[in-house]
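# Structural overview for review
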Amino acid sequence: MHIVAIDQGTTSTRAIIFDTKGKVVAIGQREHAQIFPQSGWVEHDAAEIWTNTQTVIGEAIETAGIDASDVAAIGITNQRETVIVWDRTTGEPIHNALVWQDTRTQPLIDKLAADGGVRRFADATGLPLATYFSASKIAWILDNVDGARKRAEDGELLFGTPDTWVLWNLTGGPKGGVHATDVTNASRTLLMDLRTLNWDDALLEAFGVPRAMLPAIRSSSETYGTTVGTALDGIPIASILGDQQAATFGQAAFDRGESKNTYGTGNFLLVNTGEDIVESKNGLITTVAYRLGDDAPRYALEGSIAVTGSLVQWLRDNLGLISESSEVEELALSVPDNGGVYVVPAFSGLFAPYWRPDARGAILGLTRFANKGHIARAALEAVAFQTREVLDAVIADTDAKTGDALKELRVDGGMVGNTTLMQFQADVLGIPVIRPAVIETTALGAAYAAGLAVGVWKDVDELRSMWSEDERWEPQIDDAEREKRLARWRKAVTRTFDWVEED
Ligand code: ADP
């Protein structure tokens, strides 16, 4: 028996087939276009994403050499917060998807924050007011596509994050497609109450989002429907988890105090807080970690960093310092240290723990001595320093609750093949950094949750026993050196504040 995980990510869509031991059997993958209509705007073509989804399922099935009768269930994981609005009769999106990085809705966010501040809805949602989350993006589409608001109110349009879009299409689309999302994705919209796990009328009204267009909120592990068509006809779809929550699940961080950090386009550190909703006083987000069927929901604190891997892409694509992301390591190792250079990648402001939309990126400490090796090194260090600041916020928020659980950090994502970065990370944190055997933790988490729903695995203890360590990095610098570097980093960060001015 096999489980198919569909990972609808920011840069690509993948189908990964797992066996019952949680091992990867086959992968199908397609990138989709990143559309940048103007500075700060980021879009995807949702129709392209759906086409790619069908293609990668077919590819993975063919590579694995299995057929539909060998597949017990499908799980879905996805880029979170990204907004798709489509016509329920034709299945056609009425606008390109507005991607989580898109900052065009800052004016609406400012307007709402003028009355009550950015934490105005934090008690209900666990989130600060920010363009990052879905609500303002839905409003933007309704306000900018002709007739959209009226059609949404009349029930002709549907909203979904990419999980919902994929689920609806896989289950028949205009012909009876299931319109649902899970608690983890819903918790990123700014429209769901963390306690009731329902859409909240006051929030819907504040953002001007009609209830008629919203999906049903379900658990993260249950059968939502059955596939119609594609290479996998008649298979139950049995899990949905936002990508970071899926990675947490795939790292077997099921219990309070367990955590993981994912290094991808951005970085996302999640710490499980069990059944407690912990309010952050230090710039973290409170989010749903997962909910299995009718069990109590589990919550998490999350530190989201907007720019980490994409800083390496920037060195590659915008500066041309390297031609492949992985070459950044060799370039960084061409110098013995950062030579006093610091890169603060506040390309779209700073996310956690600062939440400063007015910040912009900077390279500091330049002298005539500095070369591209120092910049490469500073870029990798920036990833590690940002993670350290998020971890500090987690410790400040949870100390009493998690005790000394944060004694090590489990990592995954595209950057963890960079051992120089992993060593920096252990040095800057002062705790060991641990990479698991299966680093496809996002897809694995979706597969785990789907397998649990259909009985492939018995319970989370069985899943925990399948997790294993691959490599570990121990800190190699002393406390004084660590504090010196951190102080310099913090100073560099403050230099990026107050850069953006309103025209
Ligand atoms: P996502 O899931 O966010 O699309 P991935 O987890 O696939 O991202 O990670 C890809 C990111 O990791 C890219 O931004 C890329 O620049 C970066 N990356 C990949 N390999 C390396 C490496 N060896 N060193 C540094 N960065 C890397």
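Residues numbered from 1 in each chain as written. Predicted model: local features only at pLDDT ≥ 70, side-chain atom pairs only at ≥ 80, totals over all residues. Heavy atoms only, no water.

## Thoughts on the packing of helix H9 (residues 243-250) against helix H14 (residues 441-454)
With their axes 6 Å apart at the nearest point, H9 and H14 run at an angle of 75 degrees to one another. Our classification of the angle between H9 and H14 gives roughly perpendicular. Two secondary-structure elements touch here, H9 through Asp243, Ala246, Ala247, Phe249 and Gly250 and H14 through Thr441, Thr442, Leu444, Gly445, Ala446, Tyr448, Ala449 and Leu452. Of the residues belonging to the contact of H9 with H14, the class tally is eight nonpolar, four polar and one charged. (Axes fitted to C-alpha atoms, helices over the stretch in contact; angles between N-to-C directions. Helix = DSSP H or I, 4+ residues; strand = E, 2+ residues; numbered from the N terminus. Parallel < 35°, antiparallel > 145°, perpendicular 65-115°, else oblique. Contact = heavy atoms within 4.5 Å. Nonpolar A, V, L, I, M, F, W, Y, C, P; charged D, E, K, R; others polar.)

## Describing the layout of surface pockets
Space left empty within the atom packing is revealed by a probe, the size of a water molecule, rolled over the atoms. By volume, the second largest pocket amounts to about 240 Å³. Forming the walls of the second largest pocket are 13 residues, and the residues nearest its centre are Asn338, Tyr342, Glu481, Lys484 and Arg485. Elements supplying a minimum of two residues to the lining of the second largest pocket: helix H12 (372-402) and helix H16 (479-494). Per-element tally for the lining of the second largest pocket: the top contributor is H16, with four residues. In terms of residue class, the lining of the second largest pocket is built from three nonpolar, three polar and seven charged. (1 Å grid on protein atoms, 1.4 Å probe; cavity = no way out; pocket = protein on both sides within 12 Å on 5 of 7 lines; lining within 4 Å. Points joined across faces, edges and corners; volume = space filled by probe spheres on them.)

## Quick word on the nonpolar core
Nonpolar side chains in soluble globular proteins tend to be buried together. With 131 residues, the main nonpolar core has Leu191, Phe207, Met213, Phe249 and Tyr263 as its most contacted residues. Ranked by the residues each element gives to this core, the list is headed by H12, at 13 residues. Discounting chain neighbours no more than four positions away, the residues touching Leu191 are Ala135, Ile138, Asn198, Trp199, Asp200, Leu203, Leu204, Phe207, Val209 and Leu214. (Core = buried A, V, L, I, M, F, W, Y, C linked by side-chain atoms within 4.5 Å. Buried < 20%, exposed > 50% of the residue type's maximum accessible area, 1.4 Å probe, protein only.)

## Considerations on the site of the ligand
Surveying the vicinity of the ligand reveals 15 residues, the closest of which are Thr11, Thr265, Gln313, Ser325 and Gly414. With respect to the ligand, the side chain of Thr265 contributes an N or O atom lying 2.6 Å from an oxygen atom. Here a nitrogen atom of the ligand and a side-chain polar atom of Asn418 are 3.0 Å apart. Take the shell around the ligand: its biggest share by element is four residues, from helix H10 (residues 309-317). (Near = heavy atom within 4 Å. Polar contact = N/O pair within 3.5 Å; in protein donor to acceptor, adjacent residues only side chain to side chain.)

## Observations concerning the sheet that holds strand S21 (residues 469-473)
Ordered in space as S15-S16-S14-S13-S19-S20-S21, the seven strands form an open sheet in which the pairing is mixed. A strand with exactly one partner marks an edge of an open sheet, and here the two such strands are strand S15 (285-290) and S21. Strand-to-strand twist of the sheet, defined as the mean angle between neighbouring strand axes without regard to direction, takes the value 30 degrees. One ladder, built from seven bridges, connects strand S14 (residues 267-274) with strand S16 (residues 298-305); its direction is antiparallel. Bridged to Phe268 within S16 is Ser304. Packing against the sheet, H9 makes contact with strand S13 (259-263), S14, S15, S16 and strand S19 (409-412), and its axis sits at approximately 125 degrees to S13. (Pairing = 2+ DSSP bridges.)

## Observations concerning empty space enclosed by the protein
With the rule as written, the count across this model stands at one cavity of 30 Å³ or more. Considered as a void within the structure, the largest cavity measures approximately 110 Å³ in volume. In terms of lining residues, the largest cavity is bounded by 15 residues, among which Ile305, Leu350, Ala352, Tyr354 and Gln386 are the most central. If you list the elements that add at least two residues to the lining of the largest cavity, you get H12 and H16. Among the residues making up the lining of the largest cavity, the classes are represented as twelve nonpolar, two polar and one charged.

Functional significance is not addressed by these values, which are geometric in nature.
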